[in-house]
Each structure stands twice: as C-alpha cells, then as structure tokens.
Amino acid sequence: MNTTPFDDELRVARRSPALRDIIIPPCPDLLVQLQAATEQGDPDPGELDRIASADVAMSAALIRLANSPLHGLHAPVSTVGQALTVLGLDPSVQLLTGFLTRNALRTHSPLLAHFWDTSTRRALACEHIARQLYTMDPGLGYSFGLFCHVGIPVMMQGVRGYASTLTEALARKDRSFVATENANHRTDHAVVGAIVARTWHLPLAVAQATRLHHDFSCLDDTRIDPTVRHLVAMALVADHLLHQHEEPSALKEWERHGQQCLAHLQVGEAEVDHWVDQLHPVFEAHALG
C-alpha cells in the first residue's frame, strides 16, 4: 500500500499516548479473500459461494436476506448459491462485508446493542444517496457508511472509561461528540476509525472521510479530494434519513450542519423527504439483529 501524508498523520497519531494501548484488530481472513475477489470488478459467483459457505452463520444471514419480504419470492431459497442469484453480486458482497466486520469488531456493551444494525442501514442510505447523485460510486458510499463509526467499538474495547464518555457525548448539547471524546481521552473515534480503515486496506477516500466525518469545515476546503467531501456530506444526510426512520426528531448535528451538507450535494429537502419513504422497506429488510 502506497503511503500518503494522510498515512503519516495517522502513524503519528498511532504513536501518541492516547492510542498506544488501543488494539486495532486485524482484517479477518475471509474479508481479505473477499477484497481480493472483488478487486478487479465483478467477483466470480463460485468464489463468493465458497467464501460465504465458510461460515454457517454468514450463510444463514445471506439466505435470510434473500428470503425477506423485500424480494417477494414465491418459494424460499435454501442454498447460498440461490441466495447469491436472488440478491445479486454487489448486495451479496455488501452483506458479507458487514457480517465479517461485525464479527471482527464485536460490541458487548448494551450502549452498542444496535450499533451494527444502524451501521448497515447507514451504509444502505449512503449507497442510495450515491446512486441519486450519479457522480458517486454507490459501492464506495456503502463502504464508508458501514465503516465511518468503527472507531466507537474499538474504543469501547480498548479505552478505559469510554462507556461513560459515550453516554456523556450523546447527552451533551454544548459541544460536539468528538469534542467530548477528545476532552476525556485526547483522541476520538474518527481518528481510530481512520486507522482501522487503513489497516484493513479500505479505499483511501473511505479512510479520509472517516477521519473527517464530524468536521464539516472540510466541505469548503478545496485542498481535500471532492469525493471525500461528498462522502462527509452524504454521511450526515444518511444519519438524518436513518433518524427519521427510527425516531422522527431533529439530530443535533443535522440542525447545525444539515443545510450546509444539502447545499454541498445540491439536494433539496423535498428530495430528502422522498428518500425517507424510499428507504423505509430497505431499512426494515436489513435489520440483521
């Protein structure tokens, strides 16, 4: 992997006292195999079948999604191969990626009971937004939506007192989530998540957007890759869509930066309201529990 100034920044952060004791889990072997299978474009269905079949629970998740009401099958599927045909290659790769990531970064705290359900739905929302924008890669949107908050479970596992910080950060109205993290631990989940993304060889844009996804000043910084800035704006719109689905009230970050993100993406509020309706059945079908 070629290094960049961004990698140098993360390397310095990794050596700081705040991060020295945090263990970044290695990328799961099956996810490495999945990345290799998709590196050159559309993967071989036989290779996907082999990877999915290597884990019974992962196979079951694939079959369960294929049999969900979203696909309206007349007769249920019972094999991985049939599920791959129903779902299609890209959605299958997304589900396998999410499953392997969730199992590599387990969340045992009650505070994170629904973390991966939310991450999967955020990923689906980012993918949907990317499709509407036409200039964005939907797969990149999905990957970013899934991974942008992975620093939270990693910090929960490795940072003493982080559970209390998480509760405080969600409750405080006088400062941002990452400001509370930095006040208590001298680092935050955006930095940790970016380190995970680079360690796992995710696209550079995903890692950079993960690092910046709470820093909305980046939207006006032309030195930053436009794709990265679009992903940052998309993430907040996606969180708004998800919040409207689960609990129709205003997100603190949306109230402060929502209009800026919509303007950046050149999207109107009426279009966002339409997306809420479009995504409702998709969110319901992808409750992986």
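None of the values given here were measured: they were computed from a predicted structure.

### Some points on the overall build of the protein
When its secondary structure is counted, the protein shows 16 helices and 0 strands. The C-alpha radius of gyration of the protein comes to 19 Å, within 12% of the 19 Å expected for a compact globule of 289 residues. If one aligns the C-alpha atoms of the protein with their principal axes, the spans along those axes are about 55 × 45 × 40 Å. Put simply, the protein has 289 residues, and 52% of those count as buried.

### Concerning helix α1 (residues 5–14)
By the burial criterion, the buried members of α1 are Phe6, Asp7, Leu10 and Ala13. One side of α1 holds all its buried residues, which, seen down the axis, span an arc of 120 degrees. Of the exposed residues in α1, those oriented more than 90 degrees away from the buried face are Pro5 and Val12. Of the surrounding elements, those touching the buried residues of α1 are α12 (189–199) and α13 (204–212).

### Things to note about helix α5 (residues 80–87)
Taken together, the buried positions of α5 are Val80, Ala83, Leu84 and Leu87. The arc enclosing the buried residues of α5, seen along the axis, measures out at 100 degrees, which places them on a common side. Where the residues of α5 are buried, they touch α3 (45–53), α4 (56–66) and α6 (89–104). Of the residues flanking the end of α5, it is glycine 88, one or two places downstream, whose phi is positive at about 90 degrees.

### Observations regarding the pattern of salt bridges
Under the defined criterion, the tally for this structure stands at 10 salt bridges. Two residues, glutamate 47 and arginine 50, come together in a salt bridge whose shortest N-O distance is 2.8 Å. Highlighted residues: glutamate 47 and arginine 50, both in helix α3, separated by 3 residues, approximately one helical turn. Taking the relative accessible area as the measure of exposure, arginine 50 reaches 40% and is therefore partly exposed. Of the charged contacts, one joins arginine 131 and glutamate 127 as a salt bridge, the two residues approaching to 3.3 Å between their closest N and O atoms. Taken as a pair, arginine 131 and glutamate 127 lie in helix α7 (residues 115–133) at a separation of 4 residues, close to a single helical turn. Taken together, the shared-partner salt bridges in this structure form one network comprising Glu168, Arg172, Asp174 and Arg175.

Conventions and cut-offs
- Residues numbered from 1 in each chain as written.
- Predicted model: local features only at pLDDT ≥ 70, side-chain atom pairs only at ≥ 80, totals over all residues.
- Heavy atoms only, no water.
- Helix = DSSP H or I, 4+ residues; strand = E, 2+ residues; numbered from the N terminus.
- Rg over C-alpha atoms; globule rule 2.2 N^0.38 Å.
- Buried < 20%, exposed > 50% of the residue type's maximum accessible area, 1.4 Å probe, protein only.
- Arc of directions from axis to C-beta.
- Contact = heavy atoms within 4.5 Å.
- Salt bridge = Lys/Arg side-chain N within 4 Å of Asp/Glu carboxyl O.

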